[in-house]
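Structural features, examined
Single-letter residue listing:
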Amino acid sequence: MQFTRLGSSNLQVSRVCLGTMTWGKQNNQADADEQLDYAVAQGINFIDTAEMYAVPPTAETYGSTERILGNWLKRHSAKRQELVIATKIAGNGLSYIRGGGDISGRAIIEAVDASLLRLQTDYIDLYQLHWPNRTTPHFGKQWPGKLKFSEVNAEQHSDQMLDILQALASCIQAGKIRHCGLSDDTTWGISEYLRLSEKHDLPRMVSIQNEFNLLHTKDWPYLIEHCVHADVAYLPWSPLGGGMLSGKYLKGQRPSGSRWTLMQRNGLFRDTEQSRAAIAEYVELAASYAITPSQLALAWCHQVDGVTSTIIGATSLAQLQEDIQAFSIPLSDEQMAAINKVQKRYPMPF
């Protein structure tokens, strides 16, 4: 297992991060225990969760993933100091989480304490904002014309960011969290948080996790370039495009128990003629390299310059084993070039 520094922090994290969002919906405690035991045995020390999980999010499953992880942590307390546990505060829009309101300093204090109880730990290594208070080009909102940045009150959002940073600082001073980071944010969001941190001598955002995969590369090169030079760790989530890049949904297939048999947050907005054509070509390439389509997608993501650690998730141990193996599969320059040719034909296939 390879390790790297998490942005400007002093944390060394595995280049593979174990995602957990299926625990409490598609996976139970026994499944999670099995995945955790295997991942840790393979050298993974970085585990990512969120108060909102399991996914798809509901009031009934809210907090269940943190509780499942907490149960395992309690039984493996001797390993706690070796692990980097990351979780996230949910943003606005979910009525059953703090009335659906914005992330605020007060919300941070409340949410951190609740996560610590569910995780059954004394501290959180990386505490992240799941999505910003303002609307951003994420979750299918990427098309020009949908967002009107000129109508956004940047000063108001900057004031909210300062309030958030001050609350994060108090949590760090209390020993409840060690570092803070972002999720589903933009280059401006990163830059503004860093500016405020420097101006007011407050904690620095050390990481950002955004959706990034062969079907969704909007962060390359601009946001990732910014992360590299600002020393902010870039953590791709959904490197398999919600499972699409495994090829299992081609030709209308919906395997029993798979995510696409469940409610989707924005419908199957990735399932288009263009995306199916792109995936079919990636499946062909993978076969020619004698690896699985999932391994091709993960190995590619791993080798993108600027990627710090890739967040993977699985609903079975067999999937997890296949996925972790991908990070020890080097793709040659020739193979990367062939993948990039397909990517150029389908730069945003939905």
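What counts and what doesn't
Residues numbered from 1 in each chain as written. Predicted model: local features only at pLDDT ≥ 70, side-chain atom pairs only at ≥ 80, totals over all residues. Heavy atoms only, no water. Helix = DSSP H or I, 4+ residues; strand = E, 2+ residues; numbered from the N terminus. Buried < 20%, exposed > 50% of the residue type's maximum accessible area, 1.4 Å probe, protein only. Contact = heavy atoms within 4.5 Å. Pairing = 2+ DSSP bridges. Right-handed = clockwise from strand over helix to strand, strands pointing away. Phe/Tyr/Trp six-rings, centres within 6.5 Å; stacked < 30°, edge-to-face > 60°. Expected span 1.5 Å × (residues − 1). Arc of directions from axis to C-beta.

Moving on, we get to the environment of Thr-49. For Thr-49, the position within the fold is in the loop between β4 (46-48) and α2 (64-75). Overall, Thr-49 belongs to the buried group, its relative accessible area being 0%. When the C-alpha positions of Thr-49 and Glu-66 are compared, they lie 6.6 Å apart, and in sequence the two are 17 residues distant.

Turning our attention to helix α8 (residues 293-303). Burial runs high along α8: 10 of the 11 residues are buried. Those residues of α8 that fall on the buried side of the exposure criterion are Pro-293, Ser-294, Gln-295, Leu-296, Ala-297, Leu-298, Ala-299, Trp-300, Cys-301 and His-302. Considering only its buried residues, α8 is in contact with β9 (233-237), α7 (273-288), β10 (310-312), α9 (317-325) and α10 (333-345).

A few words now on the environment of Leu-6. Mapped onto the elements, Leu-6 comes out in the loop between β1 (3-5) and β2 (12-14). Note on Leu-6: relative accessible area 0%, which makes it buried.

Moving on: the pairing of strand β3 (residues 16-19). Alternating residues of β3 divide into Val-16 and Leu-18 and Cys-17 and Gly-19, and every residue in both groups is buried. Both β3 and β10 contribute to a ladder of 3 bridges, which runs parallel. Residue pairing in the sheet places Val-16 in a bridge with Thr-310 of β10. As defined by bridge partners, β3 adjoins β4 across 3 bridges and the pair is classed as parallel. Bridge pairing links Cys-17 to Phe-46 in β4. Each parallel crossover has a hand, and the one from β3 via helix α1 (residues 29-41) to β4 is right-handed.

With the rule as written, the count across this model stands at 3 aromatic pairs. Taken together, a centroid distance of 5.5 Å and an interplanar angle of 25° make the contact between Phe-212 and Trp-300 stacked. In this pair, Phe-212 sits in the loop between β8 (205-211) and α6 (222-230) while Trp-300 sits in helix α8, placing the two residues 88 residues apart along the sequence. Judged by its relative accessible area of 1%, Phe-212 falls in the buried class.

Quick look at α1 now. Taking 1.5 Å as the rise per residue, α1 with 13 residues should run 18 Å; its terminal C-alpha atoms sit 18 Å apart, in good agreement. Those residues of α1 that sit buried are Ala-32, Asp-33, Gln-35, Leu-36, Ala-39 and Val-40. Taken end-on, α1 shows its buried residues confined to a sector of 165°, consistent with a single buried face. In α1, those exposed residues whose orientation departs by more than 90 degrees from the buried face are Ala-30 and Ala-41.

The next subject is the side chain of Asn-133. On the secondary structure map, Asn-133 appears in the loop between β6 (124-129) and α4 (154-173). The exposure class of Asn-133 is buried, given its relative accessible area of 14%. With residues up to four places along the chain from it excluded, the contact list for Asn-133 reads Asn-92, Asp-102, Ile-103, His-157, Gln-160 and Ile-164.

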